[in-house]
2 protein chains.
Amino acid sequence: MTNRKRAPYHHGNLRKALLAAALKVLDKAGPDAITIREVARLAGVSHAAPVNHFKDRTALLTAVATQLFQELDAVIEKQTEKTQGKPVEKVSSFINALIAYGLEHPNRYRLLWRRDLVNNQDEALQQAMDTIYDKLVATLERSTRKKRYDKHTSAVALWSLAHGYVSMRLDGNFVPMADTITKQPREQAIVEAVLAALNI
Amino acid sequence: MTNRKRAPYHHGNLRKALLAAALKVLDKAGPDAITIREVARLAGVSHAAPVNHFKDRTALLTAVATQLFQELDAVIEKQTEKTQGKPVEKVSSFINALIAYGLEHPNRYRLLWRRDLVNNQDEALQQAMDTIYDKLVATLERSTRKKRYDKHTSAVALWSLAHGYVSMRLDGNFVPMADTITKQPREQAIVEAVLAALNI
DNA sequence: TCCTATATATTGACGCTGTCTATATATAGG
DNA sequence: CCTATATATAGACAGCGTCAATATATAGGA
């Protein structure tokens, strides 16, 4: 009857230390730079110590990604909560928070979508992702205006737009510029356009 | 005065063979599976032979990516050429061709946007990418309807939407389904919605 | 308090990788 | 024919993930 949550034996809390080290490496050098041996070094343990907490590299990255999805959820929650007004304002806040998170934390955002690096069957990971998507759909449902498309089409459109935009920005494919007609920041213009098209 | 284009000495045309092998590995196992040693094995040469044609792994992947961008350009060109009608039809064809390519060639599409694996300063690569984007902007310019947003905002919106949608689909985040209101395939609905919002 | 089962950590090994150096060989062009 | 050059090989090195064997610290029952 050992309790996983209690401080462990030798290191103190190696699991937490490894996650912290992985996050540090991630922010500095990107997803591929997270190696078992490097995080072990940063935590001050041998290269084989992490296996007691993460069975392989994929498990470590899955845990990091799960944590980041929860962080993203919290950030979005905070932004949408303080937004007053019509449902469209809530949805707008949601999408803008998603975009802002990606631009502020490039490598964290990159890991979120490197599905080849994580265990996609992991329940905690799936739940963390689903939570966010479900909240978007729920927010869309608050809008009572007559829609041309169903709620999932709207969610997919907004999510795709935001994800595509952030991805391209992080890849350096387009620079942040204002629209020459509306004078808005480009990302604001495209989100607004899609919200209007969907009649949110 | 040697001519790079002529058949080389020992292998015949190792450069071409390496690129073909890399493409084969890519389709089967994804970008990360392309290793110098594996493509050398497939080409029947020693592990150090490729260095004469690609100075390192990044150079090899850059060449593959450049080739794929050219392939994508050709596919889009073919689709838009045979599309008759209003400018909006041309733009629609362009975006649909982009989406179709991604869904048909998942690993090729993935490599295109793995900027960490290629040399982003490579001129041929940049040119191949720019060619495609420039064609989208040029196609948008054919439309004479009064726009709410400038051509780059429109291009960014459409490109982001398509890229985000394909990325999420390839990650298995949403399944292909019809919109329950319009009965259209989801990707058709979202592209149509954005085209309408942009007044193309 | 001691004893033992278990959780945790270390050491060393294996095969894989990219890349470098030294060496070998085939071809081109004078 | 001869030499410079392009191309290919063989071997080495460090870093990686992972596994097996071993060591050690802790928990909980006797």
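Note that the structure is a prediction, hence the values are computed from the model and not measured.

A few points about the overall build of chain A
Part 1 of the reasoning: If you tally the helices and strands in chain A, you get eight helices and zero strands.
Part 2 of the reasoning: The linear arrangement of helices and strands in chain A, starting from the amino end, is α-α-α-α-α-α-α-α.
Part 3 of the reasoning: When its C-alpha atoms are laid out on the principal axes, chain A stretches across 60 × 40 × 30 Å.
Part 4 of the reasoning: Burial status across chain A gives 50% buried among its 200 residues.
Part 5 of the reasoning: Sequence-distant contacts, at least 24 apart, represent 67% of the contacts inside chain A between residues at least 6 apart.
Part 6 of the reasoning: For chain A, the exposed area adds up to about 10,200 Å²; of that, 51% sits on carbon and sulfur atoms.
Part 7 of the reasoning: The positive charge centre, built from 29 side chains, and the negative charge centre, built from 21, are 3 Å apart in chain A.

Topic: unusual backbone geometry
Part 1 of the reasoning: Even without being glycine, A:K183 reaches a positive phi, approximately 70°.
Part 2 of the reasoning: Position of A:K183 among the secondary structure elements: in the loop between α7 (151-170) and α8 (186-198).

Thoughts on helix α1 (residues 14-29) of chain A
Residue and element names in this part refer to chain A.
Part 1 of the reasoning: In a regular helix each residue adds 1.5 Å, so 16 residues correspond to 22 Å; α1 covers 22 Å between its end C-alpha atoms and thus fits that length.
Part 2 of the reasoning: Listed in full, the buried residues belonging to α1 are L14, A17, L18, L19, A21, A22, L23, V25 and L26.
Part 3 of the reasoning: Contacts from the buried residues of α1 go to α2 (36-43), α3 (57-81) and α5 (106-112).

Brief notes about the packing of helix α6 (residues 123-141) of chain B against helix α7 (residues 151-170) of chain B
Residues and elements named next belong to chain B.
Part 1 of the reasoning: Their axes nearest at 9 Å, the elements α6 and α7 cross at an angle of 120°. Judged on the interaxial angle alone, α7 and α6 are oblique. The interaxial crossing formed by α6 with α7 has right-handed handedness. Taken together, the residues of α7 that come into contact with α6 (itself represented by I132, Y133, L136, V137, L140 and E141) are K151, H152, S154, A155, V156, L158 and W159.

Description of the interface of chain A and chain B
Part 1 of the reasoning: Contact with chain A, which involves 39 residues of that partner, is made by 39 residues of chain B.
Part 2 of the reasoning: A buried area of about 3,100 Å², summed over both sides, lies between chain A and chain B, and 62% of it is on carbon and sulfur atoms.
Part 3 of the reasoning: Counting across the interface, chain A meets chain B through four salt bridges.
Part 4 of the reasoning: Note that B:R186 is salt-bridged to A:D150, the shortest N-O span being 3.1 Å.
Part 5 of the reasoning: Run the count over chain A and chain B and you get 17 residue pairs in polar contact (both at pLDDT 80 or more).
Part 6 of the reasoning: Of all the elements in the fold, those that place two or more residues in the side of chain A that touches chain B are α7 and α8 of chain A.

Quick look at the packing of aromatic side chains
Part 1 of the reasoning: Going through the model one piece at a time under the given rule, you end up with 12 aromatic pairs over all chains.
Part 2 of the reasoning: Considering the side-chain rings of A:Y165 and A:F174, the 5.7 Å spacing of their centres and the 25° angle between planes classify their relative orientation as stacked. Across the pair, exposure class does not vary: A:Y165 and A:F174 are buried alike.
Part 3 of the reasoning: With a centroid separation of 6.4 Å and an interplanar angle of 70°, the aromatic rings of B:Y133 and B:W159 are classed as edge-to-face. One end of the pair, B:Y133, is in helix α6; the other, B:W159, is in helix α7, with 26 residues separating them in the sequence. An identical accessibility class is assigned to B:Y133 and B:W159; each is buried.
Part 4 of the reasoning: The rings of A:F69, A:F94, A:Y109, A:W113, A:Y133 and A:W159 are connected pair by pair, giving a single aromatic cluster.

Examining the relation of the copies chain A and chain B
Part 1 of the reasoning: Superposing chain A onto chain B requires a rotation of 180° together with a translation of 0.0 Å along the rotation axis, leaving an RMSD of 0.0 Å. Taken together, the rotation and translation relating the two chain copies correspond to the operation of a two-fold axis.
Part 2 of the reasoning: Both copies contact each other with a shared surface, as 100% of the interface residues of chain A are interface residues in chain B too.

Examining the pattern of salt bridges
Part 1 of the reasoning: With the rule as written, the count across this model stands at 22 salt bridges over all chains.
Part 2 of the reasoning: A salt bridge links B:E77 to B:K135; the shortest N-O distance between them is 2.6 Å. Residue B:E77 is found in helix α3 (residues 57-81), and its partner B:K135 is found in helix α6; the two are separated by 58 residues along the sequence.
Part 3 of the reasoning: On the basis of relative accessibility, which here comes to 28%, the residue B:K135 falls in the partly exposed class.
Part 4 of the reasoning: When salt bridges with common partners are traced through the structure, they connect A:D32, A:R114, A:D116, B:D32, B:R114 and B:D116 into a single cluster.

What to know about the side chain of A:D150
Part 1 of the reasoning: Within the secondary structure, A:D150 is located in the loop between α6 (123-141) and α7.
Part 2 of the reasoning: Residues contacting A:D150, with those up to four places away along its chain left out, are B:A178, B:D179, B:T180, B:I181 and B:R186.

Comments concerning the domain arrangement of chain A
Residues and elements named next belong to chain A.
Part 1 of the reasoning: For chain A, the assigned domains read domain 1 (9-54) and domain 2 (62-198).
Part 2 of the reasoning: If you average the C-alpha positions of domain 1 and of domain 2, the two centres end up 30 Å apart.
Part 3 of the reasoning: Overall, the association of domain 1 and domain 2 removes approximately 890 Å² of surface from exposure, summing both partners, and the carbon and sulfur fraction of that is 64%.
Part 4 of the reasoning: Counting every contact that joins domain 1 to domain 2 gives two salt bridges.
Part 5 of the reasoning: A salt bridge links D32 to R114; its shortest N-O distance comes to 3.3 Å.
Part 6 of the reasoning: Summed over the shared surface of domain 1 and domain 2, the result is four residue pairs in polar contact (both at pLDDT 80 or more).
Part 7 of the reasoning: Residue classes in the side of domain 1 that touches domain 2 are distributed as seven nonpolar, one polar and four charged.

Here is what the cut-offs are and how they apply
- Residues numbered from 1 in each chain as written.
- Chains lettered and ligands numbered in written order.
- Predicted model: local features only at pLDDT ≥ 70, side-chain atom pairs only at ≥ 80, totals over all residues.
- Heavy atoms only, no water.
- Helix = DSSP H or I, 4+ residues; strand = E, 2+ residues; numbered from the N terminus.
- Buried < 20%, exposed > 50% of the residue type's maximum accessible area, 1.4 Å probe, protein only.
- Contact = heavy atoms within 4.5 Å.
- Areas by Shrake-Rupley, 256 points an atom, 1.4 Å probe, with all protein chains shown as cover.
- Lys, Arg positive; Asp, Glu negative; His and termini not counted.
- Charge placed at Lys NZ, Arg CZ, Asp CG, Glu CD.
- Expected span 1.5 Å × (residues − 1).
- Axes fitted to C-alpha atoms, helices over the stretch in contact; angles between N-to-C directions.
- Parallel < 35°, antiparallel > 145°, perpendicular 65-115°, else oblique.
- Left-handed = near helix turned anticlockwise from the far one by under 90°.
- Buried area = accessible area lost by both parts, 1.4 Å probe.
- Salt bridge = Lys/Arg side-chain N within 4 Å of Asp/Glu carboxyl O.
- Polar contact = N/O pair within 3.5 Å; in protein donor to acceptor, adjacent residues only side chain to side chain.
- Phe/Tyr/Trp six-rings, centres within 6.5 Å; stacked < 30°, edge-to-face > 60°.
- Least-squares fit on C-alpha atoms with pLDDT ≥ 70 in both.
- Domains from an automatic or database assignment.
- Nonpolar A, V, L, I, M, F, W, Y, C, P; charged D, E, K, R; others polar.

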